[in-house]
Amino acid sequence: MSNPLRIYVPVKRVIDYAVKVRVNPAKTDVDRSVKHSMNPFDEIAIEEAVRMKEKDKKIEVVAISCGTTKSQETLRTALAMGADRAVHVEVKDDSTLQPLAVAKLLQAYTATQENKPDLFILGKQAIDDDASQTGQMLAGLLNWPQTTFASKVELEGQTLKVTREIDGGLETVQAKLPAVITTDLRLNEPRYASLPNIMKAKKKPLVKLTPEDLGIDISPRILTLKVEEPAKRVGGRKVDSVDDLIDKLKNEAKTLSHTSFDTGYSADCTEFCPLVDSTDYLAYETKNDAQVRKGKLYLFTVDPKNKNGLQQQQVIEGPAILDMKWSHALVENRKVLGVVDSIGGLQLHHLTDAGELESLAHCQVSEPDVLCLSLDWASRVNKDDHRIAISHSNGELSIVVPSESEWKVADQWHAHDLEAWITAFNYWDTRTLYSGADDGLFKGWDSRSQTPQFTNKRHSMGVTTMQSSPFQEHTLVTGSYDENIYFWDTRSMRMPLKTVQTPGGGIWRLKWHPTEANLLLSASMHAGAFVINTNTHEIVNSFLDHTSMVYGADWSYVHKDWVASCSFYDHTMHLWDASTTA
């Protein structure tokens, strides 16, 4: 073994994770004339190596990068994060480096005694090609043990104990040095390089050499013939006859509407009651488009076995409604629906034994010229927490709490510079609150001190929806006008775990299924409504009968496959069965 113990961390310069990647005009590659940064998984690898060094000062951390001249910027970032020195294997600007060539370059450089490593820590994959091959190939070339997808690493002398992510959960393995590790997303949260460390990094040693110096042929073994954008969603079309229509419905159509309801006002929210003995109740809100906003709150009972399916029980007129949600826990032994409106108010209704909504309380949350845009209850998992979070058109967030005699604003703070479209609790730790706004920012907050825990710029347009999973403690989904649904692990918010697109329309609302942990419902505005399997991250069903933007959608809590969705300008709600496809 070398003395001191030496850790090599390969780092790659990639297109920044927040950049929306486009194909170049020649369709030979993606457009690379955009912002670049260090591959996020490599940041995790550097962080882990530096943490080991902080525990044992004798450890030497060496960052190494194979790439063009601009890769030196990435190496300087690694040095600023804490690496001791850097190595740059420089290639020409028109070179194409593939995983096997990189693995050979790493093997060749570290073959001499003076450069001999004890441990390689690599990111499990690069976010540009997602190959996830270099670490495994390097271990094969070196004939070293490897532990991939590491979420925890413990180094004790010459022994590694690594917890790794597998499909069924976690696996713990042990290996002797020398070895190769590839890092998974949950291993750590990389530090930001401070300004003093960035300045110090300029004085740290950086060695330059070429593949020719190492005697390695980096010629690509795979040739890319053409690069194309994903196919866009095909729009609707007219048919020439009834026979043609029947044929299309039989062979091509997706889910059909069971029944629909036209309110006359624009519709953007629909919510099934989640509470026992009342799960057949559906609340539905509408608003007009006049200068003085007015709205209606409808209450239905739902019975899919009935041909009509929807039975109107009640309608309440008032200010235009922007959002509403049922509490998942009884509030003072009542079933309560929270409604936020266009004049800064929160209205609480309770569902009586007679099946009608009665006013329970009102709270003026903001000035009347400020819209309340969304709300969320803290009680989805923790049934004893009855707080309500509300987001506003002036970018503020509010926390409303019950007291002995009334509901009142406990906290209110400025969170965004533009409309805060959405706010949501972390259902498993309701001290944490999330928000998204028209500024494209997605933020996490400590609701006790109103201080930001993180600010994420992954979405390229306004962030419009988010919901914490009621089944998996650390899972969160977010959606945006940019048509992307991101799946996050709340323990590491640097980048999402997975992405799903519903092309053709932004995402307005996301709803987890009440009982099936792997199903997610998306109200995707112009595109329609979609059901997503969160295990495979594939769209498994769609409802395309809406002729306007789909703003609201929700699952039934008693008829587990049934969905109610509503659209804006055609002011229509549809009831449909998400289990039926062509």
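Residues numbered from 1 in each chain as written. Predicted model: local features only at pLDDT ≥ 70, side-chain atom pairs only at ≥ 80, totals over all residues. Heavy atoms only, no water.

1. Focus: the nonpolar core
Alright, step 1. The biggest cluster of nonpolar side chains holds 36 residues, and the ones touching the most others in it are I7, V9, I46, L119, I121, V153 and L160.
Alright, step 2. The element best represented in this core is helix 1 (residues 40-55), accounting for seven residues.
Alright, step 3. Not counting residues within four places of it along the chain, the set of residues in contact with V153 comprises E48, M52, L160, K161, V162, I181 and L187.
Alright, step 4. In this structure, V62, V89, V91 and F120 belong to the second largest nonpolar core, which totals 24 residues. (Core = buried A, V, L, I, M, F, W, Y, C linked by side-chain atoms within 4.5 Å. Buried < 20%, exposed > 50% of the residue type's maximum accessible area, 1.4 Å probe, protein only. Helix = DSSP H or I, 4+ residues; strand = E, 2+ residues; numbered from the N terminus. Contact = heavy atoms within 4.5 Å.)

2. Examining the sheet that holds strand 27 (residues 442-446)
Alright, step 1. Reading across the sheet, the four strands line up as 25-26-27-28 and stay open at both edges, with antiparallel pairing between neighbours. Taken across any chain shown, the strands that pair with only one partner, and hence form the sheet edges, are strand 25 (422-425) and strand 28 (451-456). Each strand of the sheet is rotated relative to its neighbour by a mean of 20°, with strand direction disregarded.
Alright, step 2. As defined by bridge partners, strand 26 (residues 432-436) adjoins strand 27 across five bridges and the pair is classed as antiparallel. Considered in strand 27, the bridge of S435 is made with K443. (Pairing = 2+ DSSP bridges. Axes fitted to C-alpha atoms, helices over the stretch in contact; angles between N-to-C directions.)

3. Remarks on the sheet that holds strand 37 (residues 550-555)
Alright, step 1. Taken in spatial order, the four strands of this open sheet run 12-39-38-37, and their pairing is antiparallel. A single partner strand is all that each edge strand has here, and the edge strands are strand 12 (257-262) and strand 37. Strand-to-strand twist in this sheet, taken as the mean axis angle between neighbours without regard to direction, amounts to 20°.
Alright, step 2. As defined by bridge partners, strand 38 (residues 562-567) adjoins strand 39 (residues 572-577) across six bridges and the pair is classed as antiparallel. Residue A564 lies in a different strand from strand 39, and its bridge partner there is L575.

4. Some points on the UniProt feature "repeat: WD" (unreviewed entry) in the protein chain
Alright, step 1. Here the UniProt feature "repeat: WD" (unreviewed entry) sits at residues 456-498.
Alright, step 2. Structurally, residues 456-498 is divided into 0% helix and 47% strand, and its ends, taken at the C-alpha atoms, are 15 Å apart. (UniProt positions renumbered as here; feature names shortened; annotations may be inferred.)

5. Things to note about helix 4 (residues 134-142)
Alright, step 1. Considered for burial, the residues of helix 4 that qualify are G135, L138, A139 and L142. Buried residues along helix 4 cover an arc of 100° about the axis, so they all sit on one side.
Alright, step 2. The elements touched by buried residues of helix 4 are helix 3 (99-109), strand 6 (119-123), strand 7 (146-156) and strand 10 (179-183).
Alright, step 3. Positive backbone phi, at 60°, marks N143, one or two positions downstream of helix 4. (Arc of directions from axis to C-beta.)

6. Concerning the pairing of strand 34 (residues 519-523)
Alright, step 1. Among the five residues of strand 34, five are classified as buried, and the element is accordingly described as predominantly covered.
Alright, step 2. Judged by which residues are buried, strand 34 turns out to be covered on both faces: L519, L521 and A523 on one side and L520 and S522 on the other are all buried.
Alright, step 3. Relative to strand 34, strand 33 (residues 509-512) runs antiparallel, the two being bridged by four bridges. Opposite R509, over in strand 34, you have A523 as the bridge partner.
Alright, step 4. Remark: six residues form the turn of the hairpin made by strand 33 and strand 34, two consecutive strands paired antiparallel.
Alright, step 5. Note that strand 34 and strand 35 (residues 529-533) share five bridges and pair antiparallel. Looking at the pairing, A523 lines up with A529 of strand 35.

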